[in-house]
Amino acid sequence: MNNRKDEEAKVTIRVTLWDRALGTSTFTDQALTLAPGEKRPLGCSLPAPQPQYGWSVQDCQPHSEQVFAPEQLTPTEKKFADAQDAFIDHVGQLWNANLESNYRQLVPGTVRVELSTSPEGELVETSVLSNTSNELAAQLITDAIRPAIRFLATGKSSKITAEVTAFAAEGSDLEPRHKRAVFNVSVSQGGLHYPYERGASFSVHDLSELNGLGPK
C-alpha cells in the first residue's frame, strides 16, 4: 500500500518458489508502480505441484516507511501472532542445532508429522502421517517442536503440521554431505486463519558449509 497522498511509489516484489522434492528454489522479481493511496493485493499463480511460495519487498522508491504499511492487528490478534512467532523462532533454532549433528544419518525421503496441543500449551497427540525417510527424520521434527509448544499457551488449541524432505543431490552418489534437508512447519490456532496461523521453511543449500560441517 502506498500511503503517500501526492506521490507514486515504485516497489520491486520478489516471489520465491520452493521445490521440496529437489530442494531447489527459484525467484521472479516484479516491479509495481503504485499511485498515491493505491492498495494492491499480492498473489501468484503456482504451477503444480509447487508446494510453497513466499514474497518479499526487494526495493521501494522513494525510500520511506510510508510507501507500504503492514496490516494493524488488534491487541488480541497481536498476542497470538507474537506467540506463533516465538514458537516458529524456537523451532528453527532447535532444528538447526539438531540437524548439525544428525544429518549424516538421514535417509532420502519425506516424513510428515501432525501434532495437537491444548489451550494450555500442552502436547495432546502426535501422529506420523507418512514416512519414506527413516525414524530419525520424524524424531528430529518432534525434538524441534515439543520444547517450543509452551509458547502456544494462548487459550486456544493448536494444530501443528510439519514436513521434512531429506534427499541426495543429483550426482552426489548418495554421499552424506549432500543429504540436504528441507523442513516446513506451520501452526494454526483455534482452526482460524491469519493472524492465528503461521508457517516457515528452513533449509540449507549445502550442509557441508553449515558451521564448517562435512567430511574432511
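Focus on the packing of aromatic side chains
In step 1: All told, the structure shown has 3 aromatic pairs when counted by the stated rule.
In step 2: A ring pair is formed by W95 and F183, whose centres lie 4.5 Å apart and whose planes are at 35°; its orientation type is tilted. Of this pair, W95 sits in helix α1 (residues 75–102) while F183 is found in strand β7 (residues 179–189), placing the two residues 88 residues apart along the sequence.
In step 3: Classification of W95 as buried rests on a relative accessible area of 1%.

Some remarks on the confidence of the model for the protein
Note: predicted coordinates in regions of low pLDDT should not be interpreted at a detailed level.
In step 1: Across the protein, the average pLDDT comes to 77, with 72% of residues at 70 or higher.
In step 2: This stretch, residues 65–69, has a pLDDT under 50; its non-local contacts, to residues over four places away or in other chains, come to 17 contacts.
In step 3: Scored below 50 in pLDDT, residues 206–216 makes 22 contacts in the model with residues more than four places away or belonging to other chains.

What to know about the environment of A9
In step 1: Assignment of secondary structure puts A9 in strand β1 (residues 9–19).
In step 2: Considering only alpha carbons, one finds A9 and T33, 24 residues apart in sequence, at a separation of 5.7 Å.

Things to note about the pattern of salt bridges
In step 1: Enumeration over the complete set of coordinates arrives at 5 salt bridges.
In step 2: E8 is the salt-bridge partner of K10, the closest N and O atoms lying 3.5 Å from each other.
In step 3: Look at E8 and you get partly exposed, because its relative accessible area is 39%.
In step 4: A salt bridge links R112 to E163, with the shortest nitrogen-to-oxygen separation between them at 2.6 Å. A residue pair is termed long-range when its members are at least 10 positions apart, and R112 in strand β4 (residues 109–117) and E163 in strand β6 (residues 158–168) qualify at 51 residues.

Some thoughts on the nonpolar core
Soluble globular proteins tend to pack their nonpolar side chains together in the buried interior.
In step 1: Residues F87, W95, I145, I160, F183 and V185 are the most contacted members of the largest nonpolar core, which totals 29 residues.
In step 2: For this core, the elements supplying multiple residues, two or more each, are α1, β4, α2 (135–145), β6, β7 and β8 (197–203).
In step 3: Looking at which element gives the most residues to this core, the answer is α2, with 6 residues.
In step 4: Setting aside anything within four residues of it in sequence, one finds I145 in contact with F87, V91, L115, I160, A162 and V185.
In step 5: Residues V11, I13, V15 and L34 belong to the second largest nonpolar core, which totals 6 residues.

Calculation criteria
- Residues numbered from 1 in each chain as written.
- Predicted model: local features only at pLDDT ≥ 70, side-chain atom pairs only at ≥ 80, totals over all residues.
- Heavy atoms only, no water.
- Phe/Tyr/Trp six-rings, centres within 6.5 Å; stacked < 30°, edge-to-face > 60°.
- Helix = DSSP H or I, 4+ residues; strand = E, 2+ residues; numbered from the N terminus.
- Buried < 20%, exposed > 50% of the residue type's maximum accessible area, 1.4 Å probe, protein only.
- pLDDT = per-residue confidence, 0-100.
- Contact = heavy atoms within 4.5 Å.
- Salt bridge = Lys/Arg side-chain N within 4 Å of Asp/Glu carboxyl O.
- Core = buried A, V, L, I, M, F, W, Y, C linked by side-chain atoms within 4.5 Å.

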